[in-house]
Every structure is written in structure tokens, then in C-alpha cells.
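Fold and geometry: a report
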Amino acid sequence: MRWGDSMGLLRVGRVGVAVAAAGAVLVGCMPWQGEEPQDKKDTGVAAAAKASAAAAGQAALLKTRLAAAAKVHANELGQIPVLMYHRVVDKPATQDDRTPQQFRTELERLAREDYVPITAAEYVTGRIDIPAGRHPVVLTFDDSSPSQFDLDGMGAPKPQTAVAILQEVAQRHPGFRPVATFYVTRDMFGKTTPEEQAQMLMWLRDKGFDIGNHTRDHQSLRGKPEKQVSSEVAAGHELITKLLNANPVTLALPYGNQPTKKEWGRKGAAGDVSYDYGGVFLAGYTPAMSPFNKKFDPDGIPRIRSMDKTGDCVKFCSTAWLDWLKANGDERYTSDGDAKTVAFPKFKTPFVVKRYTDRVLAY
Ligand SMILES: [Zn+2]
């Protein structure tokens, strides 16, 4: 039956076009969602109807997501506090030290004000997976002192160390992730043998903590020739990779001092060690930009020193900045709860980093 055959071909051809067009609409609306596989046994009409229902479903889902993002005032182009800690000791000896009680009080405040810790590696790579309406905070610890982390004979963190306090607070506040980034040097929490040092880093990594490079010898890199900058950074990089068999993702500059060309800290090589970091952190003194915002500069990411509003900390340390972020909620990063999207009020669109434009959810 020639007539019937050609009708059949014609019908298949037209349905094919309809399905392809519906597929294009789906991809256009929701780039992060794969296309549903079509059932080959469907008749053409049923397949077309199914595709158009799916497209309508996707459009409705997009509308729901936009409404949900708007409801929590999602602003994933906003600012993120990266807090900087040094020692956590009973008797502070420098303006960088905090007591266990001060540290605990600050963490309690963060939990109460809907912050959720993420690591520096998660931050710079844009893997910010926290619930809707919450704000990311990055907790960083410099210089790997024993007051930050030590283990008892059974492998539990010793009481009053920063790690133990962070875990305690997280237990009292479900959803407050006990994670942080440790910028280590050769001091390595006071451990001297490679076995003990590896034990410390492995424990941290297994619990979701992040290890960053703070250079091995903690020399200021300001004004140094490129070759020396690379060799200082590479020595710290190698110290970590030898103990942990994993590359650090970020660097914190000793004293926050940038080298002559700021990109020397982020990318370089010395001998057979090369490094290429997702971000380089400073030591002062403002909140940091969302990694999805064009204002984010991976060569120099600001951090905030943990301290009350006294002396030069009246404006530029953690208590003051947390007050400011609370009073200026529209400037702060607020999540829409979906790590795969970058959600924000539509008028901010010109500020999205180009490589994230396919994840945008602008309401
Ligand atoms: Zn340091």
C-alpha cells in the first residue's frame, strides 16, 4: 500500500519536528535538567502530547523555583564573610588570639543568624550547597597551632580545641556544618613526625575539613622575586601533598602580604612541583564577594579577623562586620537552596561571571 506508507512517513516526520521543538524549549528553560527519554512505543500524537505536557511541567517548575527564590530573597551574587582565626587559647597573647569562650560565642552567633559553614575550597569553586534562606560563612584557621586541633588516644578532638568547640556548637545547632579550612605550615599542629602529621591531616579531611597552603616556612612574599615566591608556595604545597596525597585548592598568604605580581601566588611552579589555586586569601579586612560575581578576584580574597568591636576592630573585624551584614541583608549572600542554580534579583544580571550564566535563576 504505497499511499498508506507515505502517509505514515509524513506523520512520523511531522511528529519528529514537534518533539524536537519541544525538546529545545525544555533545554532553554531549564538548562540544568536533562531531557526525559521518549518512549519509543508511543504513537506520534501521544508522544507530542507528552512532550508538550512535559514542557508545561518544566515551565511550571521554573515558575515555582523563581517564586521560591524570591520568597527567601535569594542573593547568590552577595557577600560572604570569610573569618580568620589564629590561636584559641585561655590567655590571649596577641590581637589574633581568641579564648575558647569567645570562639564559642561567635559560632553560636553565626548559627543563630542562619549562617552555615562551607570550606574555602567549596567557596572558590562555587559548590555552595546550603539550605534556602541561609548564608554561607567560611571559617579559616592559620598557622596550624595545637590549640586549633589535637587528638586524644582514641582519635577524638581534645576538649577546648577549635575543632572540638566547632563540633559541640554544630551538635547544638542541627544544620550548622562543622567544617572549616586549615592553612597549615611546617608547624603542623605541633606534630613532628610524618606519621603524626599525616594522621592529623587525614582525620581532618575524613571529617569534611579542608587543608589549604599557608607556605611551609611562613615568609612574607612581599617584594620577593618570582622564583622565590614560587619556591615558597611550592614548598608548602608539597608538604601537604606528601602527607595527604591530595592537592590543596587554596592558598593563604603569610601576613596577608601579596607578591609584586599578585598572580604569582595563585599559579606557578618550582622544581617538579606546580600549583594552580582556585583562590588566594589575604588577611584583611572586608567581607568577600560571591564566586559567581564579576567582582570576585581569586588573586586576592579578603578575610575578616575574628575580634570584638575594640580599637582598630571597631569597624573592620568580625563582630563589626557581622553587625553590618545583619543590618544590610540585601548585600549578603543568601542561598535559594539549590546548589546547581545561581539565584538573584534580575537587575543584578550584568554582574554574573560568564561561565555561570547557564546556571542563572533570575527573579
Ligand atoms: Zn600565618
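Residues numbered from 1 in each chain as written. Predicted model: local features only at pLDDT ≥ 70, side-chain atom pairs only at ≥ 80, totals over all residues. Heavy atoms only, no water.

As recorded in an unreviewed UniProt entry, the protein goes by the name Polysaccharide deacetylase, listed as coming from Streptosporangium minutum.

Focus: the packing of aromatic side chains
Note the cut-off: Put simply, two rings from Phe, Tyr or Trp (the six-membered ring, in Trp's case) pair if the centres are within 6.5 Å, and we call them stacked under 30 degrees between planes, edge-to-face over 60, tilted for the rest. For helices the rule is a DSSP run of H or I covering at least 4 residues; for strands it is a run of E covering at least 2, with both sets numbered from the N terminus onward. Summary of the burial criterion: residues with accessible area below 20% of their type's maximum are buried, those above 50% are exposed, and those between are partly exposed, where the area comes from a 1.4 Å probe applied to protein chains only. Lysine and arginine charges are scored as sitting over a ring when NZ or CZ, respectively, is within 6 Å of the ring centre and within 35 degrees of the ring normal.
Enumeration over the complete set of coordinates arrives at 17 aromatic pairs. Between Tyr123 and Phe281, the aromatic rings sit 6.3 Å apart at their centres with planes inclined by 50°, giving tilted as the arrangement. Taken together, the residues Tyr123 in helix α4 (residues 120-124) and Phe281 in strand β10 (residues 279-281) connect sequence positions 158 residues apart. You can call Phe281 buried: its relative accessible area is 0%. Centre to centre, the rings of Phe149 and Phe189 are 5.5 Å apart; their planes meet at 90°, and the pair counts as edge-to-face. In this pair, Phe149 is assigned in the loop between β4 (135-142) and α5 (162-172) and Phe189 in the loop between β5 (181-184) and α6 (194-206), connecting sequence segments 40 residues apart. One exposure class covers both Phe149 and Phe189, and it is buried. Put simply, the rings of Tyr85, Phe103, Phe141, Phe149, Phe182, Phe189, Trp203 and Phe209 pair up and form one aromatic cluster. Here the guanidinium or amino end of Lys295 rests over the ring plane of Phe351, the centre of that ring lying 5.0 Å away.

Some words on the nonpolar core
Condition: Only buried residues count toward a nonpolar core. Its members are Ala, Val, Leu, Ile, Met, Phe, Trp, Tyr and Cys residues joined through side-chain atoms within 4.5 Å. Residue contacts follow a heavy-atom distance rule, with two residues in contact if any of their heavy atoms lie within 4.5 Å.
If you look at the biggest cluster of nonpolar residues, it comprises 40 residues, and the most contacted ones within it are Leu107, Leu110, Leu139, Phe182 and Leu204. Elements that contribute at least two residues to this core include exactly β2 (82-85), α3 (100-112), β4, α5, β5, α6, α7 (226-244) and α9 (318-327). By residue number, the principal contributor to this core is α5, which donates six residues. If sequence neighbours within four positions are ignored, Leu107 has contacts with Leu139, Ile165, Leu166, Val169 and Phe176. Of all hydrophobic cores here, the second largest spans 25 residues; its members include Leu77, Ile118, Phe281 and Ile301.

Structural notes on unusual backbone geometry
At Ser144, a residue that is not glycine, the phi angle is positive and equals roughly 45°. Topologically, Ser144 is positioned in the loop between β4 and α5. When its relative accessible area of 1% is taken as the criterion, Ser144 is described as buried. The residue Thr215 is not glycine, and still its phi comes out positive at about 70°. The exposure class assigned to Thr215 is buried, which follows from its relative accessible area of 0%.

Description of the state of the cysteines
Under the convention used in this document: The definition used for a disulfide is geometric: two cysteine sulfur atoms within 2.5 Å.
Counted by the stated rule, this structure contains one disulfide. What pairs with Cys313 in a disulfide is Cys317, and their sulfur atoms sit 2.0 Å apart. Because the sign of the S-S torsion sets the handedness, a value of about -55° for the bond joining Cys313 and Cys317 places this disulfide among the left-handed ones. Grouping residues by exposure puts Cys313 and Cys317 together as buried.

Some details on the coordination of the zinc ion
Heads up, the condition is: The rule for donors is simple: an N, O or S atom within 2.8 Å of the metal counts, and for Na, K and Ca the reach is 3.2 Å. Water is not among the atoms, so a site may look short of donors.
Coordination sphere of the zinc ion, protein contribution only: Asp143 (OD), His214 (NE2) and His218 (NE2), at 2.1 Å. Spacing between the donor residues of the zinc ion along their common chain follows D-x70-H-x3-H. With Asp143 in the loop between β4 and α5 and His218 in the loop between β6 (210-213) and α7, this pair connects stretches of sequence that are 75 residues apart. Residue class for Asp143 comes out partly exposed when judged on its relative accessible area of 23%.

Points about the pattern of salt bridges
The line we're drawing: Each salt bridge in this description consists of a side-chain nitrogen of Lys or Arg and a carboxyl oxygen of Asp or Glu lying within 4 Å of one another.
Scanning the entire structure with this criterion turns up 24 salt bridges. The shortest N-O distance in the salt bridge between Asp97 and Arg87 comes to 2.8 Å. Here Asp97, found in the loop between β2 and α3, pairs with Arg87, found in the loop between β2 and α3; they are ten residues apart in sequence, far enough to count as distant. The exposure class assigned to Asp97 is buried, which follows from its relative accessible area of 3%.

Remarks on the packing of α3 against α9
So the rule is basically this: Axis definition: a line fit to C-alpha positions, over the contact stretch in the case of helices; interaxial angles, taken between N-to-C directions, run 0 to 180 degrees. Angle categories: roughly parallel below 35 degrees, roughly antiparallel above 145, roughly perpendicular from 65 to 115, and oblique for all the rest. Residue classes follow a fixed rule: Ala, Val, Leu, Ile, Met, Phe, Trp, Tyr, Cys and Pro count as nonpolar, while Asp, Glu, Lys and Arg count as charged, and any other residue, Gly among them, counts as polar.
Between α3 and α9, whose axes approach to 12 Å, the crossing angle comes to 10°. Between α3 and α9, the angle falls in the class roughly parallel. For the pair formed by α3 and α9, the contact residues are Glu106, Arg109 and Leu110 on the first element and Ser318, Thr319, Leu322, Asp323 and Lys326 on the second. Tallied by class, residues from the contact of α3 with α9 come to two nonpolar, two polar and four charged.

Re α7
Along an α-helix, a turn takes 3.6 residues, which lines up residues three or four apart on a common side. Note the threshold: A helix is expected to reach a length of 1.5 Å times the quantity of its residues less one.
Helix length check: α7 (19 residues) gives 27 Å between terminal C-alpha atoms against 27 Å at 1.5 Å per residue, within 8%. If you check which residues of α7 are buried, you get Val229, Ser230, Glu232, Val233, Ala234, Ala235, Gly236, His237, Leu239, Ile240, Leu243 and Leu244. Buried residues along α7 sit in contact with β5, α6, β6, β7 (250-252), β8 (267-270) and β9 (273-276).

Structural notes on the pairing of β4
The condition that has to hold: In this scheme, strands are said to pair when DSSP sees at least two bridges between them. Every crossover in which the path from the first strand over the helix to the second runs clockwise, viewed with the strands pointing away from the viewer, is termed right-handed.
Taking burial as the measure, the eight residues of β4 include eight buried ones, the bulk of the element. Because side chains alternate across β4, one face comprises the buried residues His135, Val137, Leu139 and Phe141, and the other comprises Pro136, Val138, Thr140 and Asp142, equally buried. Where β2 and β4 come together, four bridges link them in parallel fashion. What sits directly across from Leu83, in β4, is Leu139. Bridge analysis of strand β3 (residues 115-118) against β4 gives four bridges, and the strand direction is parallel. Note on β4: the bridge partner recorded for Pro117 is Val137. Bridge analysis of β4 against β5 gives three bridges, and the strand direction is parallel. Bridge assignment links Phe141 to a residue of β5, and that residue is Phe182. As a crossover connection, the stretch from β4 through α5 into β5 is right-handed.

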